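# Architecture at a glance
Single-letter residue listing:
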Amino acid sequence: MHAIQDLNGGCRTGIIHHHDVRVQEHHVGTLAGHTQEICGLRWSLDGRHLASGGNDNLVNVWTADAGIGQAEAQPLHTFNEHQAAVKALAWCPWQQNVLATGGGTADRHIRFWNCSLGTSLNAIDTKSQVCAILWSKEYKELISGHGFANNELIIWKYPSMTKVCELTGHKSRVLNLAMSPDGTTVVSAGADETLRLWNCFAVDPTKKKTATGPIHKSDLMKQTIR
């Protein structure tokens, strides 16, 4: 069952429901791998795995058919290294078995997992609550959105996790991130009731033919919407 045909919902009880939008009797499966509220869900780009993060500090990785026609489905992998709720989940676009996850205020770490082997690859202390993560589609970089204490966005090199730049402007927690279809612009939604658009991964026109890297402009805020 491919993710594009599914609607998946996570409950405060820790249950995840599968809905097949093509049929009238749409509820087709249930996953019960968390003991507290579901904070994040993310399908892998190939539709083969679903990652879930919970308020129980767990990250579960499920196969696409888990919970469908099964009485008690078990996750393929469970990762318990986070020390706070896990809301931020992102699959790497060029290594589809790699999952990045971010922990809340008591954890502050971005952690990387090999979901083929079920092993930890790396962890970095970001010094702030991690609320969202996006991978660049063109460059080996990712961007994270943060809450307490710094309410900022950070662009990182991968896999070294060297900090490229910090994007500041939000007055309170960054709730979510989304990327433009061309992969150049990131929009951040904040608890300060603003949307901010950042030109994060634009190619330098003078270097476009060689594609040596993106332009990072920490002070370039294309538009702020209230």
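Residues numbered from 1 in each chain as written. Predicted model: local features only at pLDDT ≥ 70, side-chain atom pairs only at ≥ 80, totals over all residues. Heavy atoms only, no water.

### A few points about the packing of aromatic side chains
A full pass over the atoms with the stated rule returns six aromatic pairs. Here the aromatic rings of Trp94 and Trp135 are separated by 5.3 Å at their centres, their planes lie at 90°, and the arrangement is edge-to-face. Of the two residues, Trp94 is situated in the loop between strand E8 (86-91) and strand E9 (98-103) and Trp135 in strand E12 (residues 130-135); the sequence distance between them amounts to 41 residues. Here Trp135 falls in the buried class, since its relative accessible area comes to 6%. Seen from their ring centres, Phe112 and Tyr158 are 5.1 Å apart, and the 50° between their planes marks the pair as tilted. Of this pair, Phe112 sits in strand E10 (residues 109-114) while Tyr158 sits in the loop between strand E14 (153-157) and strand E15 (163-167), and the two are 46 residues apart along the sequence. Classification of Tyr158 as buried rests on a relative accessible area of 13%. Three or more aromatic residues joined by ring pairs form one cluster here, namely Trp94, Phe112, Trp135 and Tyr158. (Phe/Tyr/Trp six-rings, centres within 6.5 Å; stacked < 30°, edge-to-face > 60°. Helix = DSSP H or I, 4+ residues; strand = E, 2+ residues; numbered from the N terminus. Buried < 20%, exposed > 50% of the residue type's maximum accessible area, 1.4 Å probe, protein only.)

### Details of the pairing of E10
Among the six residues that make up E10, six are buried, leaving the element largely enclosed by the rest of the structure. The alternating pattern of E10 places His109, Arg111 and Trp113 and Ile110, Phe112 and Asn114 on opposite faces, both of which are buried. Of the pairings in the sheet, the one linking E9 to E10 comprises five bridges and is antiparallel in character. Bridge assignment links Leu99 to a residue of E10, and that residue is Trp113. (Pairing = 2+ DSSP bridges.)

### Describing the environment of Trp198
On the secondary structure map, Trp198 appears in strand E18 (residues 195-199). Within the structure, Trp198 has its side chain in polar contact with the backbone oxygen of Arg196 (distance 3.4 Å). (Polar contact = N/O pair within 3.5 Å; in protein donor to acceptor, adjacent residues only side chain to side chain.)

### Some words on the pairing of E15
For E14 and E15, the ladder comprises four bridges, and the chain directions are antiparallel. The residue of E15 that forms the bridge with Ile154 is Glu166.

### Some points on the pattern of salt bridges
On inspection of all chains with the given rule, the structure shows six salt bridges. Here Asp107 ties to Arg111 by a salt bridge, and the two come within 3.4 Å at their closest N and O atoms. For the pair Asp107 and Arg111, one class covers both residues: buried. Among the salt bridges present, the one from Lys127 reaches Asp125, with a minimum N-O distance of 3.5 Å. Residue class for Asp125 comes out partly exposed when judged on its relative accessible area of 25%. Each of Arg108, Asp125 and Lys127 takes part in salt bridges that share partners, so that together they form one network. (Salt bridge = Lys/Arg side-chain N within 4 Å of Asp/Glu carboxyl O.)

### Let's talk about the sheet that holds E12
Pairing between sheet strands relies on hydrogen bonds along the backbone, with the strands arranged either parallel or antiparallel. Overall, antiparallel pairing links the four strands, which are arranged E12-E13-E14-E15 in an open sheet. Of all strands in the sheet, those with a lone pairing partner are E12 and E15, marking the two edges. On average, each strand axis in the sheet is inclined to that of its neighbour by 20°, with strand direction left out of account. Across five bridges, strand E13 (residues 141-146) lies against E14 in antiparallel orientation. The residue of E14 that forms the bridge with Leu142 is Trp156. (Axes fitted to C-alpha atoms, helices over the stretch in contact; angles between N-to-C directions.)

### A closer look at the confidence of the model for the protein chain
Of the residues in the protein chain, 86% have a pLDDT of 70 or more, and the chain-wide mean is 89. Ignoring residues within four places in sequence, the model shows residues 217-222, a span with pLDDT below 50, making 17 contacts including any to other chains. (pLDDT = per-residue confidence, 0-100. Contact = heavy atoms within 4.5 Å.)

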